[in-house]
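Fold and geometry: a report
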Amino acid sequence: MFMGTYEHSIDTKGRVIIPAKFREQLGDSFVVTLGLDGCLFVYPENEWQDFVKELRELPGSKEARKLQRYFMAGAAPCDVDKQGRVLIPASLREKAGLEKDIVFVGVMSKIEIWSKELWDENDDFENVDEIAEHMSELGLSY
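Notes on the structure follow. (Residues numbered from 1 in each chain as written. Predicted model: local features only at pLDDT ≥ 70, side-chain atom pairs only at ≥ 80, totals over all residues. Heavy atoms only, no water.)

1. A look at the pairing of strand E8 (residues 110-115)
Taken residue by residue, a regular strand's side chains alternate between the two faces of the sheet. Note the cut-off: A simple rule labels every residue: compare its accessible area, found with a 1.4 Å probe on the protein chains alone, to the largest value its type can have, and call it buried under 20%, exposed over 50%, or partly exposed in between. Numbering of helices and strands runs from the N terminus, with a helix taken as a DSSP run of H or I at least four residues long and a strand as a DSSP run of E at least two residues long. For two strands to count as paired, DSSP must find a minimum of two bridges between them.
Of all six residues making up E8, six are buried, and the element is well covered by its neighbours. Covered by surrounding structure in E8 are Lys110, Glu112 and Trp114 together with Ile111, Ile113 and Ser115, the residues of both alternating faces. Bridge count for strand E4 (residues 40-44) against E8 is three bridges, and the pairing is antiparallel. Paired with leucine 40 across the strands is isoleucine 113, a residue of E8.

What follows is the structure, given as structure tokens:
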């Protein structure tokens, strides 16, 4: 399970060091794809396969096809080099606004990669109690 927040920088070639705690769980290769809310999603191979299975099982609606295209068209396999770095494809860096300072956020079965600026705008948890109340109706216990 991925958890925690780590700040890093992207070098001029588009490479970033994956936090050691995450690298242990990711292994030598994994998948990066477009995420939601302006970030990228990073999946270990096994979790990516589970996610693709869920996408494949969506109903044949227009919305489902759009989601399938969104996640699959943006997906790229990534390999970690000997220094623990990975090259994030330019197209994904551009879509997520990743230029220099970035934030890795562990979110259970995946990692989110945010631009530091966008993370700082979105890490507002002021209404989390209100959200939690709604989620308890769906069976979340905390």
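Now that the structure is up, let's keep going.
2. Examining the side chain of lysine 110
To be explicit about the condition: For the purpose of charge, His is not counted, nor are the chain termini; Lys and Arg are scored as positive and Asp and Glu as negative. One side-chain nitrogen of Lys or Arg within 4 Å of one carboxyl oxygen of Asp or Glu is enough to make a salt bridge. Throughout, a contact is declared for two residues whenever any of their heavy atoms are within 4.5 Å.
One can find lysine 110 in strand E8. Among buried charged residues, lysine 110 stands out as having no salt bridge; its nearest opposite-charge side chain is glutamate 112, 4.8 Å away. The contact partners of lysine 110, leaving out residues within four places of it in the chain, are Phe2, Phe41, Val42, Tyr43 and Val105.

3. Considerations on the state of the cysteines
Definition in use: Note that a disulfide, as used here, is simply two cysteine sulfur atoms within 2.5 Å.
Enumeration according to the criterion identifies zero disulfides in this entry. Left without a disulfide partner, cysteine 39 is nearest to the cysteine sulfur of cysteine 78, which lies 15 Å away. Looking at cysteine 39, the relative accessible area reads 3%, which means it is buried.

4. Observations concerning the pattern of salt bridges
Per the stated rule, a full pass over the model turns up five salt bridges. With a shortest N-O distance of 2.7 Å, aspartate 11 and arginine 15 are connected by a salt bridge. Notably, a salt bridge pairs glutamate 57 with lysine 53, separated by 3.8 Å at the nearest N-O pair. On the basis of relative accessibility, which here comes to 57%, the residue glutamate 57 falls in the exposed class.

5. What about the pairing of strand E7 (residues 101-108)?
Here strand E1 (residues 2-9) pairs with E7 via eight bridges, running antiparallel. Looking at E7, one finds that phenylalanine 2 is bridged to methionine 108. By the bridge criterion, six bridges tie E7 to E8 in an arrangement that is antiparallel. For glycine 106, the partnering residue across the bridge sits in E8 and is isoleucine 111.

6. Points about unusual backbone geometry
Look at aspartate 37: it is not a glycine, yet its phi comes out positive at around 65°. Tracing the chain through its elements places aspartate 37 in the loop between strand E3 (29-34) and E4. Of the residues examined, aspartate 37 reaches a relative accessible area of 64% and is grouped as exposed. Look at methionine 108: it is not a glycine, yet its phi comes out positive at around 60°.

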